[in-house]
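# Structural overview
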2 protein chains.
Amino acid sequence: MSKVIVVGIGPGEYEQMTVKAVNALNSCDTIVGYTVYVDLVREHFAGKEMLTTPMRKETQRCEMAFEEAAKGKTVAMICSGDAGVYGMSGLIYEVGEKYPGVEVEVVSGVTAALSGGAVLGAPLMHDFAVISLSDLMTPWEKIEKRLAAAGEADFSICLYNPSSKKRADYLRKACDILLRYRSPETVCGTVSYIGREGQAGTIYTLAQLRDTQVDMFTTVFIGNSQTKVIGGKMVTPRGYQV
Amino acid sequence: MSKVIVVGIGPGEYEQMTVKAVNALNSCDTIVGYTVYVDLVREHFAGKEMLTTPMRKETQRCEMAFEEAAKGKTVAMICSGDAGVYGMSGLIYEVGEKYPGVEVEVVSGVTAALSGGAVLGAPLMHDFAVISLSDLMTPWEKIEKRLAAAGEADFSICLYNPSSKKRADYLRKACDILLRYRSPETVCGTVSYIGREGQAGTIYTLAQLRDTQVDMFTTVFIGNSQTKVIGGKMVTPRGYQV
């Protein structure tokens, strides 16, 4: 059957995949993905045909998936986290316009805002904004505007792609924008290697976070004005009477 | 073992639970939750002790979970979607201060922004904001401020709790705020009964959405300025060259 299933595999560990994602990878003919993600699932789906492309070859990766599917296969295109949050499902629909005979299906997964949030406690219990600090495809001015808007309107904020070699100071710049609207004591947190070897969560104040160097495997959480620390966990109350 | 595990069960169907959530419900002694959510999982975990409380009894539900756990049990407190997005994990940490001998763990699930997004296509591929229109515990002025901020900064937006009997016109009011910043042609969508009997996704323009009556089982998506319709799907491009 000519079909591409875009599958969010969650943060990395097998147990955090949905049953639907496991079933899709078990029943497909071919798994396609970025090398690092394919390596995360390889041992659990041994014997399955697997095709990889390196980072920044996203359009080619999607075309590869459709070319394989066009041969009559069911192809699973895997993404870390959710397929629809900075994942591949959007690009699959765009590239898919050239392959009208291939069906597309999306299987959701647990994105880092959720899996990382669970490590820290409950940072996103109320309204929240998800912002990527990567300016590879988004002008930095637009990112700044979104940071300021989320800061001013008291959203909890989850930052994806907070750093890279070329963007070592982006988290500091983001914190400086948020400090215009939030107290330096605002509760923040970072989670690295979610669901993988070396998983680590740390709580900071916003002032401390500003001076913290994170890597590209880290997800950052900034609390709203009500967020507090309870027993070492970052908790944003929803407003229930306790 | 005295433990409360807060488990996000995803949108409703068994297949959209994570493997970790399934394992937690299989291995716990008691499942606690709002009646409707317990009914969603009942058939898959037959024979398990299940305790329910009605809606708006959230604090009592958490206390019940801790009281059971304090007897030496492992208790799974279930939430629809993710435990940490308008779920129970925050309140569990707050109530848990009274039960220092009970361990707390959070198991993430697929929240409606992700599962509903997958039904519509890929509406949240870029930066997005999640806002609840329920003013039960949040002043409406704060909700309005967040809608305006998200609208002005060109976030894709996912609205939870868009309507209820007492709030029949809240979606219209939210759309009117967004129409100050977005074109009436902005691509929007709604998904009802995600992962359940009767699941339905519909694409609208923002102008059409304004005049649409939705119910409390609906999640609403408002595209950003770049969101388009591709083959009947709502797709927010991330910016890759196609």
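We now turn to the structure provided with this report. This one's a predicted model, so the numbers in the text were calculated from it and none came from an experiment.

Residue and element names in this part refer to chain B. With 13 residues, helix α3 (residues 58-70) should reach 18 Å at 1.5 Å per residue; the first-to-last C-alpha distance of 18 Å fits that figure. For α3, the set of buried residues is Glu58, Thr59, Arg61, Cys62, Ala65, Phe66, Glu68 and Ala69. Against the buried residues of α3 lie β1 (3-8), β2 (30-34), β3 (49-53), β4 (74-79), α4 (89-96) and β5 (103-107). Once α3 ends, the next one or two residues include Gly72, with phi positive near 105°.

Residue and element names in this part refer to chain A. Applying the stated criterion to the full structure yields twelve aromatic pairs over all chains. Here the aromatic rings of Phe66 and Tyr99 are separated by 4.9 Å at their centres, their planes lie at 5°, and the arrangement is stacked. Taken together, the positions of Phe66 in helix α3 (residues 58-70) and Tyr99 in the loop between α4 (89-96) and β5 (103-107) put the pair 33 residues apart, joining distant regions of the chain. Each member of the pair Phe66 and Tyr99 is classed as buried.

As a further point, take the interface of chain A and chain B. Counting residues at the interface gives 69 residues for chain A and 69 residues for chain B. Contact with chain B buries surface across chain A, with Met137, Arg146 and Tyr240 of chain A losing the most and accounting together for 12% of the total. Of the charged contacts, one joins Asp127 of chain A and Arg146 of chain B as a salt bridge, the two residues approaching to 2.9 Å between their closest N and O atoms. Summed over the shared surface of chain A and chain B, the number is 38 residue pairs in polar contact (both at pLDDT 80 or more). A breakdown of the residues in the side of chain A that touches chain B according to their chemical character gives 32 nonpolar, 21 polar and 16 charged. Of the strand pairs in this sheet, strand β7 (residues 128-132) of chain A and strand β7 (residues 128-132) of chain B are connected by three bridges, and their pairing is antiparallel. In the strand pairing of β7 of chain B, Val130 of chain A is matched with Phe128 of chain B.

Moving on to the relation of the copies chain A and chain B. When chain A is brought onto chain B, the operation consists of a screw motion whose angular component is 180° and whose axial shift is 0.0 Å, with 0.0 Å RMSD remaining. When the rotation and shift are considered jointly, the pair of chain copies conforms to a two-fold rotation axis. Same-surface contact between copies: 100% of interface residues of chain A are shared with the interface of chain B.

What follows deals with the packing of α3 of chain B against α4 of chain B. Residues and elements named next belong to chain B. Closest axis-to-axis distance for the α3/α4 pair is 9 Å, and the angle between their directions is 65°. Crossing geometry of α3 relative to α4 is assigned as right-handed. Between α3 and α4, the residues in contact are Glu58, Thr59, Cys62, Glu63 and Phe66 and Leu91, Ile92, Val95 and Gly96, respectively. Its residues placed into classes, the contact of α3 with α4 shows five nonpolar, two polar and two charged.

On to unusual backbone geometry, then. If a residue is not glycine, its phi is most likely negative; likewise, a peptide bond is most likely trans. All names here are of chain A. Positive phi outside glycine occurs at Asn161, with the angle close to 50°. Within the secondary structure, Asn161 sits in the loop between β8 (156-160) and α7 (170-178). Judged by its relative accessible area of 27%, Asn161 falls in the partly exposed class.

All names here are of chain B. Tracing the backbone through its elements, the reader meets Ala168 in the loop between β8 (156-160) and α7 (170-178). Expressed as a C-alpha distance, the spacing of Ala168 and Val214, which sit 46 residues apart in the sequence, is 8.2 Å. If sequence neighbours within four positions are ignored, Ala168 has contacts with Ser163 and Gln213.

Calculation notes
- Residues numbered from 1 in each chain as written.
- Chains lettered and ligands numbered in written order.
- Predicted model: local features only at pLDDT ≥ 70, side-chain atom pairs only at ≥ 80, totals over all residues.
- Heavy atoms only, no water.
- Helix = DSSP H or I, 4+ residues; strand = E, 2+ residues; numbered from the N terminus.
- Expected span 1.5 Å × (residues − 1).
- Buried < 20%, exposed > 50% of the residue type's maximum accessible area, 1.4 Å probe, protein only.
- Contact = heavy atoms within 4.5 Å.
- Phe/Tyr/Trp six-rings, centres within 6.5 Å; stacked < 30°, edge-to-face > 60°.
- Buried area = accessible area lost by both parts, 1.4 Å probe.
- Salt bridge = Lys/Arg side-chain N within 4 Å of Asp/Glu carboxyl O.
- Polar contact = N/O pair within 3.5 Å; in protein donor to acceptor, adjacent residues only side chain to side chain.
- Nonpolar A, V, L, I, M, F, W, Y, C, P; charged D, E, K, R; others polar.
- Pairing = 2+ DSSP bridges.
- Least-squares fit on C-alpha atoms with pLDDT ≥ 70 in both.
- Axes fitted to C-alpha atoms, helices over the stretch in contact; angles between N-to-C directions.
- Left-handed = near helix turned anticlockwise from the far one by under 90°.

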